[in-house]
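Chain by chain, the residues run as shown.
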Amino acid sequence: MNLILGRIFIASIAAAMLFGCDLLPGAGGDKPAGPPPMPTPEVSVITAKSQTAPLTRELVGRLAATRIAQVRARVAGIVLERVYTEGTDVNAGAVLFKIDPAQLQAKLRAEEAALAKAEADAVNAALTARRYSELREKKTISQQDVDTALANERTTAAAVMQARANIESARLDLSYATVRAPIAGRAGRALVTEGALVGQGEATLMTAVEQIDPIYINFSQSVRELAELQHGASQPLGNKAASKTKVEVLLSDGATYSETGTLDFSDLAVDPNTGAVSLRTTLSNPQRALLPGMFVTLRLTTGQLEHAFVLPQAAVLRDDKGASVMVLGADGVVAARRVDTRVMTHSDWVVTGELSNGEQVIVAGLQKVKPGAVAKLAAPKPAAGAAPAPSSK
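Notes on the structure in this doc start here. (Residues numbered from 1 in each chain as written. Predicted model: local features only at pLDDT ≥ 70, side-chain atom pairs only at ≥ 80, totals over all residues. Heavy atoms only, no water.)

A closer look at the overall build of the chain
And step 1. In terms of helices and strands, the chain carries four helices and 19 strands.
And step 2. A burial count over the chain gives 31% of its 393 residues as buried.
And step 3. Sequence separation of at least 24 residues holds for 75% of the intrachain contacts in the chain that already meet a minimum separation of 6.
And step 4. By element, 55% of the accessible surface of the chain is carried by carbon and sulfur atoms, the whole surface being about 24500 Å². (Helix = DSSP H or I, 4+ residues; strand = E, 2+ residues; numbered from the N terminus. Buried < 20%, exposed > 50% of the residue type's maximum accessible area, 1.4 Å probe, protein only. Contact = heavy atoms within 4.5 Å. Areas by Shrake-Rupley, 256 points an atom, 1.4 Å probe, with all protein chains shown as cover.)

Below is the structure:
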């Protein structure tokens, strides 16, 4: 009896152990579960649209006056008065300074007296010559005396002409005592004050007048970029009427200046230090808002580019073969398209190349994808400040 009970107990233990083994993970020969699959990367895209894009380039230039006239003292004297207001616009011929004219007036009077004496001498010499000519006809004087009288007449006539020229010179010097603006423009700071002695041994610089309407913008271009500018113009640079290059000025606040300029000058040589060519633009400045010496940003439009695409700079990738973009196909497969970058703005590239109209260009999520991989469009982000949708319970 005991033997039978022992065998039943052993069989129960074996059954229990076998049942426990079936409950263990992986029991029954099942393979362990692998890691979950990676989610499909999400990307943001824009639709490539073929268009006619302007060929523009942004550069930095410096403003300069179109004409600069240095105002100098042309006669010696003491400055009596500064007539103009520094930093204001003056017309050509406007009085800027007055120099003491007393000495110049005295010189003019002396020259006028010298002219009166010369004219009197000339009259006397003419009378003597006529009288000697009459006496020679009567054979009462020699021919030598007549010749001497005629020579004296010519000499005194020349002295009259010299005296008149001296008077003109004295009057001219007297006019220089009133210093006038040689051109119309903005008169700068006065470099001399009342009481200063000027023009003594040198032409003292008194001030300068600058014409700033129109105004010049000087900048430089590489030889390659200059060739593109020349290609965009129907005739060589310097012909204002023929140049198609449009020049706009961007102000410090980002606004575009109301007036547009013309590209009118190109230097004849390349700077050996920089490898660039100096260029110049003429720009109307009626409000005098642009001042010489300022740096401005220029936007040059040299023509149009057909069948081009405007893409964000972040969408354009570069490698040792050049530039490219990634596109997302209708089947969700990513592909690469080689492009040529033509013009860059603050935020965009103007490109041409293998890209086709209507393709979906990836602009965000590029680090997650590669050609041949699968991607999907990211869900649009809710607008800022939008209330979340109520949840259904």
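Thoughts on the nonpolar core
And step 1. Grouped together as the largest cluster of nonpolar side chains are 22 residues, with contacts concentrated most on Leu96, Phe97, Ile99, Met206 and Val209.
And step 2. Where this core is concerned, the elements lending two or more residues are β2 (51-72), β5 (95-99) and β9 (205-222).
And step 3. Broken down by element, the residue count for this core peaks at three residues, all from β5.
And step 4. With residues up to four places along the chain from it excluded, the contact list for Ile99 reads Ala73, Val75, Ala76, Gly77, Ile78, Val79, Leu80, Tyr176, Ala177, Val179 and Val198.
And step 5. Counting 17 residues, the second-largest nonpolar core is a separate cluster that includes Leu59, Tyr257, Leu283 and Leu298. (Core = buried A, V, L, I, M, F, W, Y, C linked by side-chain atoms within 4.5 Å.)

Some words on the pattern of salt bridges
And step 1. The full count for this structure, using the stated rule, is 14 salt bridges.
And step 2. Among the salt bridges present, the one from Asp89 reaches Arg288, with a minimum N-O distance of 3.7 Å. In this pair, Asp89 sits in strand β4 (residues 89-90) while Arg288 sits in the loop between β12 (276-283) and β13 (295-312), placing the two residues 199 residues apart along the sequence.
And step 3. Of the residues examined, Arg288 reaches a relative accessible area of 29% and is grouped as partly exposed.
And step 4. A salt bridge links Lys246 to Glu248; its shortest N-O distance comes to 3.9 Å.
And step 5. Through salt bridges with shared partners, a single ionic network connects Glu58, Lys246, Glu248 and Arg299. (Salt bridge = Lys/Arg side-chain N within 4 Å of Asp/Glu carboxyl O.)

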